[in-house]
Amino acid sequence: MSRTGSRTTGRPTLAEVARLSGVSPITASRALRGVSTVAPALVEKVIAAAASLGYVANPAARALASARSQSVVVLIPSLSNQLFIDTLEAIHEVMRPRGLEVLIGNYHYDIDEEENLIRNYLAYQPCGMLLTGFDRSDASRQMLAASGVPCVHMMELGGAPGALSVGFSQQQAGRAAARHLIERGRRRLAFIAAQLDPRVMQRAEGFRQALAEAGMQATELEILAPQPSSIALGSELFSQLLAQAPDVDGIFFCNDDLAQGAVLQALRQGIEVPRQVAMVGFNDLPASAHMVPRLTSIRTPRAAVGRSAAQALLALLDGRRVAAEQQDLGFELMVRESS
């Protein structure tokens, strides 16, 4: 078969793939995008034809033809945090059967970096965006509003009227951690946090509120470190806290990796957990149930958040009504040996 390719680039075209596989260009496009409504036998023929021609899809041309690309942008603050890895996996599971491409932007907890990502991705005319939380620059908000691109916010609840969000109350999670420690009879409670993003500070506020309601000092025992959360930092901050307040008997950590580092440091120093000090983490990462002692933690619905946010965005793209502006998926306190 002679291959003419695009007049401007000489590359194989979708029309050639369609002719070779004996289907329409629309069916060929859907097959290559993985749309589930295309029969598996046709998908195989189209993929084989594309491979034989060396065809590579041109997303820019597709966006120009439809005024929107078949891409969904997901902006997250970290790719090193298991929380967001689980969320991304769930998003892919929802988007893949619809043939939508997921573009991931990591802004490293920097709102200026997020602003640049939003500006760059909007140039590709995405059909929708999934955003983490509500803390962003005024310029980012203006660009998103002007673009008309459907957006769903993840991990937090609230925002401006009309903003769709899927998550849970970070503040109530902090309250739950404090109340658990108080119910365990602990009276010298501390909060240790790192990577002080808005969700961490919402947990801090909930923790303080619960302490205040119990007649305790809300901010006397707090260590707030701006650097990224890690096991090593948890070990360091735990030692720092003990040097400042050796009589502390309960600690809530903003993330499980900090709590895991503290458990290991307590073991090295011969400090008995929970007899001398009880510990509660956050996110219930897989290793937490296997620490010695096993770590009490607040389990967050990170995969469910990704799945529900993606489904809400698909509803918007299909012109369907979303049941609620705020989907509160809740959290669960996993009580184990550390408290």
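So, here is what we can say about the structure in this document. Note that the coordinates shown come from a computational prediction; the quantities given were computed from them, not determined experimentally.

Calculation rules
- Numbering of residues starts from 1 in every chain and runs along the sequence as written.
- At least 70 in pLDDT is required for a residue's local features to be given in this predicted model, at least 80 for side-chain atom pairs to be given and counted, and no such filter applies to totals for whole chains, interfaces and linings, which use all residues.
- Calculated side-chain values reflect all of the structure's heavy atoms, with hydrogen atoms and water omitted.
- In DSSP terms, a helix is any run of H or I states spanning at least four residues, a strand is any run of E spanning at least two, and both are numbered starting from the N terminus.
- The rule for pairing is simple: two strands pair if DSSP sees at least two bridges between them.
- Axis definition: a line fitted to C-alpha atoms, limited for helices to the stretch in contact. Angles are taken between N-to-C directions and run from 0 to 180 degrees.
- Here, residues are in contact when the closest pair of their heavy atoms is within 4.5 Å.

Regarding unusual backbone geometry
Thought 1: Following V273, the chain continues to P274 via a peptide bond in cis, the omega torsion being 10 degrees.
Thought 2: Here V292 and P293 are connected by a cis peptide whose omega angle stands at 0 degrees.
Thought 3: Notably, N283 is not glycine yet its phi reads approximately 100 degrees, a positive angle.
Thought 4: Within the element layout of this structure, N283 appears in strand β9 (residues 278–283).

A few points about the sheet that holds strand β5 (residues 164–167)
Thought 1: Taking strand neighbours across the sheet as the criterion, the six strands line up as β2-β1-β3-β4-β5-β11 in an open arrangement whose pairing is parallel. The sheet is open, and its two edges are formed by β2 (101–106) and β11 (326–328), each paired on a single side. For this sheet the average axis-to-axis angle between neighbouring strands, irrespective of direction, equals 20 degrees.
Thought 2: In this structure, β5 lies alongside β11, joined through three bridges in parallel fashion. Looking at the pairing, G167 lines up with D328 of β11.
Thought 3: Lying on the sheet, helix α12 (residues 302–317) is in contact with β1 (71–76), β3 (128–132), β4 (151–155), β5 and β11; it crosses β4 at an angle near 170 degrees.

No statement about biological role is implied by the geometric values presented.
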